[in-house]
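# Structural overview for review
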Amino acid sequence: MSLDPNAFPRSNSPASSESSLTRSRLQGKEGSLKKDKNYRRYASSVERALSLFDNALQEWADYISFLGRLLKALQTHPPDQPVVPHKVLVSKRLAQCLNPSLPSGVHQKALEVYTYIFGLIKLEGLSHDLPLYLPGLAPTLTFASLTVRPLFLSLVEGYIVDLEPWAIRPALKAIILALLPGLEEETSEDFEPTLRTINKLRDAAAQLETQRTSETAASGQYFWQCLFLASITNPSRRLGVLAYLNRYLPKLGIADRGPSTAGGSDPQNIPPEILAAADSVILPEPGLLIRCVASGLSDDQVLVQRNFLDLLVTHLPLSSPILQNKIAAGDIQTLVIAAVGVVTRRDMSLNRRLWAWFLGPDSQNDVSSVDGRKLSSETARSASVDGKELTQSQYFSRVGLQPLVTGLLDMIKQAPNIPSERTKPFRIALSLMDRWEIGGYIVPAVFLPTVRSVQAFESTAPENHFEEVFRSASAFFDGVESGVIFSELLRLVDYRSSGVDVDSDQVLRDLDLALFIIENFNVREEDMVQIHVPLLALSVLVKMREIPSKESTPNKQAVTAALNKVLKSLTGLLTERAFLRKTGPEKTAGNDTKGRGTDILRTVHSFYEQSKNSLELPPLPYAPKNLGEMIIREAHELAIAALESRNGDLSVHEPLDILVTLLKKLPRSRVLRDRKLYEALSQRLGSGKDKPTTASFSVISTIASTVTSLFFIHTPGFYISYEDACDLITPLVNQLWWYLSPPQSKVSRGSRPLLMAPALNFLD
């Protein structure tokens, strides 16, 4: 997309031909004048006046004297010769006399000379020489005193705006920039004259537009494109642009908001008057309007940002059918991201306007309190359109959610390795949580990409940079609801079973991210430890049982190892009090604790889905006591499956270690009363008929350690009776005897390898 207004085609047009003819005629006339004696005398007088500039200018009064001499020299022109000799040098000296450091008296005199020259060469000559005089004249309003401003405005209004449209067109942006300082103060005496002058320019540009396109409805397009470009490329002129836009930018929204208008799904339903007004500001390049507003929203001045947000609310609401149907998705995303960027200032005046734009024209800042939590008044009140209601939350989700989420994800993905840029998406997302109608949609969508970005940054950034980014990420993390955090963690660990073979790398990356979150961020809040950690631990155990031990492959082994790491981190967070607390019947859903793994996962997912749609935590899927039983049951069955497996002896240690750890941390359970674990241990010890190996010794050592630990958990003999423990001694000794026999170990018992310690402890 070209942002150059001069990119519009000019060749082969009537205006272009007219310009060429005028230029040729004037050049021929000046050539013949050089042979005239009166002209040579006139030119010599102007040249002598110009020479004073190089010799005698010491004080500001000398400038006035020089300008007076130059004016008198110009006034000696022959009546039939309305030209300015040495005009390039004349324009240069006049521009130098408009230096901001000179007093206003010099500026007034310079404008007097400009006025005389423009009157002398008339509109025809000025049309040709405008590129010569305008550069020196244009900056005047930026520094002009109160006495100089009216002279400048009368000069522009009296001469420049009356030029032929073909002459104004190439200089339109420069002329607009020259006039915009006059609009910065609406209470000044120069405001209305400046506004009138700019409107005349708009009409002049529209005349040429109409001649070229033969479409009166399209008139003014080129003027608006130049105005937008002026704002984009010149931050110092944005206050003037705002003053003009507030008065003359067409309002592109519809007063009512609701399902029939919010989505803007049918372009045919756009009212003709809105469509006609919109064409003048979005054609031929709608992106310029968007970038004009976006650049203003990114301005360094709070006042400019505030006024551009006001402009969005009043003239370009998110539900605007023009915005939804006539503007490219990428441009809407640019606008939304620029708008949401204002939250990093932590300025309430900016945030209030942003909420009004995101949540619709009826957005109010008053809030009510329900059960100690603040709720927007729109949660109870909604707009009614065509008999349908649309709350603020629904309004945002329909018209603003997608571009905002996409924009934030792009920011996270494309952020350079600069801490300030890396932390910007985190700070924006954290601020959006101030309004749950927005944050409730945004946070779940950007949570995992945000944390994944931090994880990736750790491996590439210097330590001090990572610490800065991690602090911002931690602040964002701490602001996220616990239910959202563990809902996303559940998504990471509950991979598709087919993904282990199809895309094991992605499964491993997700599990690694889950481990990174648990080990690095604050997941030790009381509600997390009591409600969410047990549910996640149960879910991980279910996923571990889904991997068939009889069909072990390298991919499945890697996934199992990753799940083991996640589960170990979670078991470190489990506390006995989480399973001893009492809840009323209304606080639990009363689900069957004997459900299968898929049923358990479905129930836990349903719990978190309900929590997203409610400000209050829904009933727990399982009572705390039952949840503890289910966790031990899953770990118990996992340990039995590992003992019964024949796919490698090294796979036994982790399941048995997890079971022992959980039995130590959780309240007493009756799951082991069925003696299935004892039977699996006996069967595994009784199957050792082949020659023992180092791998098989690790199994024997693990079993010995497990039986010892089981016997002493809570009270001796609670999980494995004294009789059962004694029954296991004989097969254990038979297995261990080979390692204890003299041919295999020539050292004393006290110095035997530490690997044998668990087995020896059991025998003791």
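Further up the page is the structure itself.
Residues numbered from 1 in each chain as written. Predicted model: local features only at pLDDT ≥ 70, side-chain atom pairs only at ≥ 80, totals over all residues. Heavy atoms only, no water.

### Quick word on the packing of aromatic side chains
As a reminder, the rule being used: Aromatic pairing here means that ring centres of Phe, Tyr or Trp (its six-membered ring) are within 6.5 Å. Orientation follows from the plane angle: under 30 degrees is stacked, over 60 is edge-to-face, and everything else is tilted. Numbering of helices and strands runs from the N terminus; a helix is a DSSP stretch of H or I covering at least four residues, while a strand is a stretch of E covering at least two. With a 1.4 Å probe rolled over the protein chains alone, any residue whose accessible area is under 20% of its type maximum counts as buried; one over 50% counts as exposed, and the rest are partly exposed. Both a distance and an angle decide whether a charge sits over a ring: NZ of Lys or CZ of Arg must be within 6 Å of the ring centre and within 35 degrees of the ring normal.
Within this structure, the stated rule accounts for 25 aromatic pairs. For the ring pair Phe447 and Phe477, a centre distance of 5.7 Å and an interplane angle of 40° mean the geometry is tilted. Here Phe447 is found in helix H22 (residues 436-458), whereas its partner Phe477 is found in helix H23 (residues 463-479), with 30 residues between them in sequence. We note that Phe447, like Phe477, is buried. Chaining the aromatic ring pairs together yields one cluster made of Phe447, Phe466, Phe470, Phe476, Phe477, Phe516 and Phe521. One Lys or Arg, Arg202, reaches over the ring of Tyr248 and ends 5.2 Å from the middle of that ring. The ring of Tyr495 carries Lys543 above its face, with NZ or CZ at 4.4 Å from the centroid.

### Describing the pattern of salt bridges
Heads up, the rule is: For this analysis, a salt bridge means a side-chain nitrogen from Lys or Arg found within 4 Å of a carboxyl oxygen belonging to Asp or Glu.
Tallying each qualifying case throughout the model produces 23 salt bridges. Between Arg247 and Glu186 there is a salt bridge, with its nearest N and O atoms 3.0 Å apart. One end of the pair, Arg247, is in helix H11 (residues 238-248); the other, Glu186, is in the loop between helix H8 (165-179) and helix H9 (191-213), and 61 residues separate them in sequence. Judged by relative accessible area, which is 46%, Glu186 ranks as partly exposed. Linking Glu654 and Lys568 is a salt bridge whose minimum nitrogen-to-oxygen distance equals 3.3 Å. With Glu654 in helix H32 (residues 653-665) and Lys568 in helix H28 (residues 554-571), the pair connects residues that are 86 residues apart, well separated along the chain. One salt-bridge network, held together by shared partners, links Arg545, Arg633, Glu634 and Glu637.

### Here's the deal with the packing of helix H10 (residues 221-233) against helix H14 (residues 287-297)
Our working definition: Here an angle of 0 to 180 degrees is reported between the N-to-C directions of two axes, which are lines fitted to C-alpha atoms, with helices fitted over the stretch in contact. The scheme is simple: roughly parallel for angles under 35 degrees, roughly antiparallel for over 145, roughly perpendicular for 65 to 115, oblique for anything else. When the near helix sits turned anticlockwise from the far one by under a right angle, the crossing is termed left-handed; a clockwise turn instead gives a right-handed crossing. Whether two residues are in contact is decided by their heavy atoms, any of which lying within 4.5 Å being enough.
Look at H10 against H14: their axes get within 8 Å of each other, and the N-to-C directions meet at 30°. Accordingly, the angle class assigned to the pair H10 and H14 is roughly parallel. Regarding H10 and H14, the two cross each other, and that crossing is left-handed. Packed against H10, whose contacting residues are Gln225, Phe228, Leu229, Ser231 and Ile232, the element H14 presents Leu288, Leu289, Arg291, Cys292 and Ser295 at the interface.

### Describing H8
Definition in use: The span you would expect from a helix comes to 1.5 Å times its residue count less one.
Here H8 is 15 residues long, yet its end C-alpha atoms lie only 18 Å apart, well below the 21 Å a rise of 1.5 Å per residue gives. Most of H8 sits inside the fold, with 12 of its 15 residues counted as buried. The set of residues buried in H8 consists of Pro165, Trp166, Ala167, Ile168, Arg169, Ala171, Leu172, Ile175, Ile176, Leu177, Ala178 and Leu179.

### Quick notes on the side chain of Arg149
Along the chain, Arg149 falls in helix H7 (residues 149-158). Excluding anything up to four places from it in sequence, Arg149 contacts Leu141, Ala144, Pro181, Gly182 and Asp190.

So far we have only geometry, and geometry alone does not tell us how the molecule works.
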